[in-house]
Amino acid sequence: MRALWALVATLALLLAAHVDAVEPQADPGAHDPTLLIQGDRWFVFTTGKGLQRLSSADAGKTWQRLSPVFAQAPAWWAEAVPEHKGVDVWAPKLFTHRGRVWVLYSISTFGKNRSAIGLVSSDQPDGSEWRDDGLVVLSRAEDDFNAIDPDLFVDTDGKLWLSYGSFWGGLRLTELDPETLRPVGETRFIARRKGGIEAPTIVRHGEWVYLFASYDLCCKGAESTYNIRVGRARSVTGPYLDRDGKALMDAGGTKLLAGGTRWKGPGHQDVVGDWLVHHAYDTERGGKPHLRIKRLSWSTEGWPVIPQEE
């Protein structure tokens, strides 16, 4: 009997290790999620008033909403983006660096490219004290890019890279100084598409660097057409090509995830280890955005694969 129970326990562990997706017991509202895993604690930060924070102690099954990061706007916001109001914060990227927890985030106004990417840090993701680390990138109306949707990529050589962008000229890439976390050297476009492209995520898998991005339109509830696409390159600086060999600078991109019957407009992804997090709009809850978490696997040809939306 003990041997039988041991076998059952082993099978349960194997099944748990190959779970394709995490289905929260009560789907938390979330838009533009970013994930940080610290041991058995998961943290998700999202777009929202003051920069929304969620915490899970059971690998994403149940979530607790923490107090927002910002109780009031830093003084520099008003000069950087004069039309921005209140403490509405968009599209964070959560990461650790030099023993601290950092968040890159965006402030803007919908449909305009007078925008800014800022930086804030703390000792812990659930900490109550956050330090304003100021402005990182600014875009103005006359620019051909939009400084929102930041992502941080640390390559195998230790170099840090910031990618960002939404519509306009497309997605941009710049190296960051590891001490100041400010851009150094050349900033270049790495993907563009007139029909809508935003929210870059860069990860390395083996000898390839992969660029994930959200195409088409978000923020329309059940009518959202967001979908996640991907290309890859030998170097973080590109050129990124899709599975058919079409350049992402020429509107290429292999479709990875699109909406299903219930969940519409999946997008604004973050990739952490073998987990891909994103939001999708739930037709059973009035088209509101909710947190979605899926396990990322890889084909024999080296392309990412994830379970499709229902």
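Parameters and conventions
- Residues numbered from 1 in each chain as written.
- Predicted model: local features only at pLDDT ≥ 70, side-chain atom pairs only at ≥ 80, totals over all residues.
- Heavy atoms only, no water.
- Pairing = 2+ DSSP bridges.
- Helix = DSSP H or I, 4+ residues; strand = E, 2+ residues; numbered from the N terminus.
- Axes fitted to C-alpha atoms, helices over the stretch in contact; angles between N-to-C directions.
- Salt bridge = Lys/Arg side-chain N within 4 Å of Asp/Glu carboxyl O.
- Buried < 20%, exposed > 50% of the residue type's maximum accessible area, 1.4 Å probe, protein only.
- Core = buried A, V, L, I, M, F, W, Y, C linked by side-chain atoms within 4.5 Å.
- Contact = heavy atoms within 4.5 Å.
- Disulfide = S-S within 2.5 Å.
- 1 Å grid on protein atoms, 1.4 Å probe; cavity = no way out; pocket = protein on both sides within 12 Å on 5 of 7 lines; lining within 4 Å.
- Points joined across faces, edges and corners; volume = space filled by probe spheres on them.
- Nonpolar A, V, L, I, M, F, W, Y, C, P; charged D, E, K, R; others polar.
- Lys, Arg positive; Asp, Glu negative; His and termini not counted.
- Phe/Tyr/Trp six-rings, centres within 6.5 Å; stacked < 30°, edge-to-face > 60°.
- Lys NZ or Arg CZ within 6 Å of the ring centre and 35° of its normal.
- Polar contact = N/O pair within 3.5 Å; in protein donor to acceptor, adjacent residues only side chain to side chain.

> Provide a residue-level description of the sheet that holds strand E12 (residues 160–164), including the pertinent values.
Pairing within the open sheet is antiparallel, and its four strands lie in the order E11-E12-E13-E14. The strands lining the two open edges of the sheet, one partner per strand, are strand E11 (151–154) and strand E14 (183–191). Across the sheet, the mean angle separating the axes of adjacent strands is 25 degrees when strand polarity is ignored. Across six bridges, the pairing between strand E13 (residues 171–176) and E14 is antiparallel. Looking across to E14, one finds that leucine 171 is bridged to alanine 191.

> Describe in detail unusual backbone geometry, supporting the description with residues and values.
Residues apart from glycine generally show negative phi values, whereas peptide bonds are mostly found in trans. The step from glycine 238 to proline 239 runs through a cis peptide bond, and the omega angle for that step is 5 degrees. Along the chain, the position of proline 239 falls in the loop between strand E17 (227–233) and strand E18 (254–257). A positive phi angle, near 55 degrees, is found at leucine 181, a position not held by glycine. If you trace the backbone, leucine 181 turns up in the loop between E13 and E14.

> How would you sum up the pattern of salt bridges? Please name residues and give values.
Enumeration according to the criterion identifies 16 salt bridges in this entry. The shortest N-O distance in the salt bridge between glutamate 309 and arginine 292 comes to 2.9 Å. Of the two residues, glutamate 309 is situated in the segment after strand E23 (304–305) and arginine 292 in strand E21 (residues 288–295); the sequence distance between them amounts to 17 residues. Arginine 292 shares its class with glutamate 309; the two are buried. Bridged by salt links that share partners, the residues Arg262, Asp282, Glu284 and Arg285 form one connected network.

> Which residues make up the nonpolar core, and what values do they have?
By size, the foremost hydrophobic cluster in this structure holds 21 residues, and its most contacted members are Phe45, Phe70, Trp77 and Tyr105. When residues of this core are traced back to their parent elements, those giving at least two are strand E3 (41–46), helix H2 (76–80), strand E7 (88–97), strand E8 (100–107) and strand E9 (115–122). Per-element tally for this core: the top contributor is E8, with four residues. Discounting chain neighbours no more than four positions away, the residues touching phenylalanine 45 are Asp32, Pro33, Thr34, Leu51, Gln52, Arg53, Val69, Pro92, Leu94, Val103, Pro125 and Trp130.

> Please give an account of the state of the cysteines that cites residues and values.
Tallied over the full model, the rule gives one disulfide. A sulfur-sulfur distance of 2.2 Å marks the disulfide that ties cysteine 218 to cysteine 219. Between cysteine 218 and cysteine 219 the disulfide shows an S-S torsion of about -60 degrees. By sign, it is left-handed.

> Help me get a handle on empty space enclosed by the protein, residues and values and all.
One pass over the structure, following the stated rule, counts one cavity of 30 Å³ or more. Here the largest cavity defines a volume of roughly 80 Å³. Considering the residues around the largest cavity, the lining is formed by 13 residues, among which Pro92, Pro150, Thr201, His268 and Gln269 are closest to the centre. When residues of the lining of the largest cavity are traced back to their parent elements, those giving at least two are E7, strand E15 (197–205) and strand E19 (263–272). Partitioned by chemical class, the residues of the lining of the largest cavity number five nonpolar, four polar and four charged.

> Lay out the side chain of aspartate 242 with the relevant residues and their values.
Mapped onto the elements of the fold, aspartate 242 is located in the loop between E17 and E18. Nearest to the buried, unbridged aspartate 242 among oppositely charged side chains is lysine 246, at 6.5 Å. Excluding its chain neighbours within four sequence positions, the residues that come into contact with aspartate 242 are Val230, Gly231, Leu248, Gly252, Gly253, Thr254 and Trp303.

> Which residues make up the sheet that holds E21, and what values go with them?
Across the sheet, four strands lie side by side as E1-E21-E20-E19; this open sheet has antiparallel pairing. Each edge of the open sheet is held by one strand with a lone partner, namely strand E1 (21–22) and E19. Bridge analysis of strand E20 (residues 275–282) against E21 gives eight bridges, and the strand direction is antiparallel. From the neighbouring strand, aspartate 282 faces E21, where its bridge partner is lysine 288.

> Tell me about the environment of glycine 39, residues and numbers included.
In this structure, glycine 39 sits in the loop between strand E2 (34–38) and E3. Through-space distance from the C-alpha of glycine 39 to that of leucine 173 is 30 Å; in sequence the pair is 134 residues apart.

> Let's hear about the packing of aromatic side chains: which residues, and what values?
Counting across every chain of the model gives nine aromatic pairs. Geometrically, the ring pair formed by tyrosine 210 and tryptophan 298 is tilted, given 4.7 Å between the ring centres and 55 degrees between the ring planes. Of this pair, tyrosine 210 sits in strand E16 (residues 208–215) while tryptophan 298 sits in strand E22 (residues 297–298), placing them 88 residues apart in sequence. Sitting over the face of the ring of tryptophan 263, arginine 292 holds its NZ or CZ atom 4.0 Å from the ring centroid.

> I'd love a proper account of the side chain of histidine 278, names of residues and values included.
For histidine 278, the location among the structural elements is in strand E20. At 2.8 Å, the side chain of histidine 278 and the side chain of glutamate 309 are in polar contact.

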